[in-house]
Amino acid sequence: MLSIKNLHASVEGKEILKGINLEIKAGEVHAIMGPNGSGKSTLSQVLAGNETFDVTSGEITLNGDNLLELATEERAREGIFLAFQYPVEIPGVSNLQFLRTAVNAMRQHRGEDEMNAAEFMKLAKDVSRQVDLDPAFLKRGVNEGFSGGEKKRNEIMQALLLQPKLAILDETDSGLDIDALKVVSDGVNALRSEDRAILMVTHYQRLLNHIVPDHVHVLAGGKIVKSGGRELALELEERGYGWLGIKDEDASN
Amino acid sequence: MATTDQEVNELIKREYEHGFVTDIEADTFEPGLNEDVIARLSGLKKEPEWMLQWRLKAYRRWLEMDEPNWAHVGYPKVDYNSISYYSAPKRKEDMPQSLDEVDPELLRTYEKLGIPLHEREKLAGVAVDAVFDSVSVATTFKEPLAKAGVIFCSISEAIQDYPELVQKYLGTVVPHSDNFFAGLNSAVFSDGTFVYVPKGVRCPMELSTYFRINAANTGQFERTLIIADEGSYVSYLEGCTAPMRDENQLHAAVVELVALGDAQIKYSTVQNWYPGDENGKGGIFNFVTKRGACLGDSSKISWTQVETGSAVTWKYPSCILRGDNSVGEFYSVALTNNYQQADTGTKMIHLGKNTSSTIISKGISAGRSSNAYRGLVKFQPGAEGARNFTQCDSLLIGDRCGAHTFPYIESKNKSAIVEHEATTSKVSDEQMFLCRQRGIDPEQAVSMIVNGFCKEVFKELPMEFAVEAGKLLEVSLEGSVG
C-alpha cells in the first residue's frame, strides 16, 4: 500500500530524514520506535504533507500513486490520516462543524452526496461514544479547552469517522493515563482491518501491549537501523536503545 | 505549514460581485456645493422652510469645521466641490405609489444584489426600503406596518408627513456641529430611512434598508432616524453596495437612534461598499456617524456591524446611556483586505445609574490592510454602579497587514467597573495543516477559522443576515490563506 524509498527530508536546510525505506501492506500494523530527535515525528509530518519540511530526494507512493505530487488535502482525501501528537485548537469552530466539513470534503472527493446535519449528528454521536467522549463535546470548539486525553481521543474519533486507508498515529500514547490509553487503544484496534494499514510512531513500548504490531522498526539518526517483529519492541524495553549503538536521554523509561 | 504566498494572494483576490453599473436615466446635479445647491436640493424635495433653514445652518457651521485627522487612516484629500450632491433616477411622475410603478431596471438592480423587492414583500417577511443614489425608490410592507402603527418610510416622506416627529428628534443625537462629516451630511442629506414605533408596540417584522450608490462622481449622504417610543421594540437591518469605479466615492451617513423608557432598538449593518481593487485603486470612503441615545430608563440599544467593504472606514456606532439601568451593546466584525483601511469602534457614554455596556470587537486583517479598533468608555459622575465589559480581538492573516487597538477609558465615578480584554492572534500554520490534513480546502479552512473567530458577533445578527455575513466573509477573504 505505502512504499517509501530512500526518503530524504529537511527543515530549514537541516536534514532530518536521511534515507528511509519502508514498505507497508494493507492490513498491517507497523510501529516506528526510536529516541527523541530520531526523526519519527518528521516522518509522519512528511507523509501527511506538512509543507514546513522539504523532501530533497526519494519517493513515496500510495497504491502506486506518487504522493509527493499531492497537496496536503489531496493526500487526506486519498486516505492518509494523521493523528496529531499536539492537536491545535480552533476557537469558535465547533467540533461538529469541523468534522462534518471534513467528512463531506472526503465524500465529495469520492463523488458521494454530502451528509446532512441530522445524519451526521447521529454518526458523530455513535463514534464519540466509541472513544468514551460525551457527545456534548461535539458542540465545543475544536480542541478548545480539551484535556490532553480528550484531545487524543478526539484524534482517534476522527480516524474512526474518516475511515482512512493509512492511519498514522504520532505519539498517540503520550500524556495518557492507563484508562485513557485503554480507550484509545480500543479505538485503534477497532480501526484494524484487512484493507487498512496503521503506522504508529511511539517512544515507548507500553502502547504496543495494547495494539500489537506486525512489524517494529527502530529509527535513529534519520534512518531505520533495525526492523523486526513484536519481539523487537520487548527487547528494546528491556535493553534500551544502547545495544543498538543509539544514545537516548530518555532511556530510563 | 506555510501555504505559499501565491495561494494566499489567489484567495484574497476575489472580485467584488456587486460591481456592476445600472444604466438608468438620472437627474444629477453639477458638482459643487454652496447655499444655492442646498436650496435647490431642498426645493426639489419640496421641503418646508424650516428644513431648508436647518440645512443652511448646518452648512454655515460646516464651512468653519476641519476634517478630522486623528484616525489611523490615510487617504487623498477630498475636494468637496468636485462631488455632485444629488443624483436620482428620472421618474415620469412623482414618487412611485407602489412597487409596480418603480422602474423595472431599478428592480432588476436590486434583484442582482440578491434583494428581490417583490419577493421580499411576499415571502421573506422583511420590510425593505431601497435607497438608490440619493433617493428612496421603494418601501415594502407599508400596510401591515401601518396597522401596527409603525411608521417606516423614507426620511423625505417623513419630513412631509410627520414634521413634528422629525423636528422633535432630528439632530438631537448627532447635532450638525458634532463633527465635519455629520455637518456635511446635515447640510446635504438627500434621503434615508425614518422609523417610528409607537408606545408598547413590538414591530411585527424586521425592517431593512438597502443602500446602493450607482451614479459616478456623486456622494451618498443618507440620514436615518429611528425612534422607539416607550416599551416598544424594533430590529432594523441595513446593507450597502456600490459599483466598481476607479475614483473614490464619498459616503457620509448619519444615523440617529432614540430609545425611550423600556424601549429596545437592535440595529444591524452588513456594509459591503466597493473596497477598491487589489492595488487599492478606487473604493468608497465610508465616513459615518452613528449614535443612539437611551433616553429612557431601562432602555436598550444594540449595534451589530459586519464591515467588509469600503476603501476607508471611519465609523463609531455609539450609545449615550442617559436613562437609569439602560444598556448599550456593540458587536463588530471588521474585515480588511488588500489596501483597505478601517478605523472603527464605539463610544459608550454612561450618564445614568446602573447603566451597562458591552463591547465585542473582532478585527480581521489580511493583505496589506490596516485595521484599528478605537473605543471610548466614559463614566460621568452620575453613573453610579455603571459597568462596561470590552473585548477586542484581532486576527491577522499573512504578515503584511496591521492591527491596532486604541481603547480609551475615562471614569468620573469611583463605583464604575470596567473590564477590558484584548487578544491578537494569527491564523496559524498549525490550524491550516490540521484542516487540510482532514481533507478541507485551504480556502474553506480560512473561512471556517475566521467564522469561528467572529462567532460571538454573528450570533447577534438576525438569522437571515448571519448567513449573508458568513458568505460575505468567505468572499472577502478569498486569496488570503497564509
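Residues numbered from 1 in each chain as written. Chains lettered and ligands numbered in written order. Predicted model: local features only at pLDDT ≥ 70, side-chain atom pairs only at ≥ 80, totals over all residues.

### Examining the interface of chain A and chain B
Inference 1: Across the contact, 23 residues belong to chain A and 19 residues belong to chain B.
Inference 2: At the level of elements, helix 2 (72-77), strand 7 (90-94) and helix 3 (95-109) of chain A are the ones that each hand at least two residues to the side of chain A that touches chain B.
Inference 3: It is helix 3 of chain A that provides the largest number of residues to the side of chain A that touches chain B, a total of 5 residues.
Inference 4: The residue inventory of the side of chain A that touches chain B, partitioned by class, reads 12 nonpolar, 8 polar and 3 charged. (Contact = placed C-beta atoms within 7 Å. Helix = DSSP H or I, 4+ residues; strand = E, 2+ residues; numbered from the N terminus. Nonpolar A, V, L, I, M, F, W, Y, C, P; charged D, E, K, R; others polar.)

### Comments concerning the nonpolar core
Inference 1: Within the largest apolar cluster, 188 residues are counted, with the highest numbers of intra-cluster contacts made by A:Phe81, A:Ile168, A:Met200, B:Val195, B:Ala228, B:Leu257 and B:Ala259.
Inference 2: When residues of this core are assigned to their parent elements, the largest contribution, 7 residues, is made by helix 3 of chain A.
Inference 3: Not counting residues within four places of it along the chain, the set of residues in contact with B:Ala259 comprises B:Ala228, B:Gln264, B:Ile265, B:Gly292, B:Cys294, B:Leu295, B:Gly296, B:Ser299, B:Lys300 and B:Ile301. (Core = buried A, V, L, I, M, F, W, Y, C linked by C-beta atoms within 7 Å. Buried ≥ 20, exposed ≤ 12 C-beta atoms within 10 Å, placed from the backbone.)

### Considerations on helix 10 (residues 429-437) of chain B
Residues and elements named next belong to chain B.
Inference 1: Where burial is concerned, most of helix 10 is hidden: 7 out of the 9 residues are buried.
Inference 2: Within helix 10 the residues assigned to the buried category are Gln 431, Met 432, Phe 433, Leu 434, Cys 435, Arg 436 and Gln 437.
Inference 3: Looking at the residues trailing helix 10, positive phi occurs at Gly 439, about 90°.

### Here's the deal with the sheet that holds strand 1 (residues 2-11) of chain A
All names here are of chain A.
Inference 1: Here 4 strands make up an open sheet; going across it, the order is 2-1-4-5 and the pairing antiparallel. Bordering the open sheet on either side are strand 2 (14-24) and strand 5 (65-66), each of which pairs with just one other strand.
Inference 2: The strands touched by helix 1 (residues 40-48) are strand 1, strand 2 and strand 4 (54-62); relative to strand 2, the strand with the most contacts, the crossing angle is about 70°. (Pairing = 2+ DSSP bridges. Axes fitted to C-alpha atoms, helices over the stretch in contact; angles between N-to-C directions.)

### Let's talk about the confidence of the model for chain B
Inference 1: Overall, the predicted model of chain B reaches an average pLDDT of 83, with 78% of residues at or above 70.
Inference 2: Both confidence scores are given for the complex: pTM 0.81, ipTM 0.94. (pLDDT = per-residue confidence, 0-100.)

### Quick notes on helix 5 (residues 148-162) of chain A
Residues and elements named next belong to chain A.
Inference 1: In this model, helix 5 (15 residues) spans 21 Å end to end at C-alpha, consistent with the 21 Å of a helix rising 1.5 Å per residue.
Inference 2: Burial within helix 5 is extensive, with 11 of its 15 residues counted as buried.
Inference 3: Of all the positions in helix 5, only Glu 150, Lys 152, Arg 153, Asn 154, Glu 155, Ile 156, Met 157, Gln 158, Ala 159, Leu 161 and Leu 162 are classed as buried.
Inference 4: Its buried side turned inward, helix 5 meets strand 6 (80-83), helix 3, helix 4 (117-130), strand 9 (166-170) and helix 6 (178-191).
Inference 5: Once helix 5 ends, the next one or two residues include Gln 163, with phi positive near 45°. (Expected span 1.5 Å × (residues − 1).)

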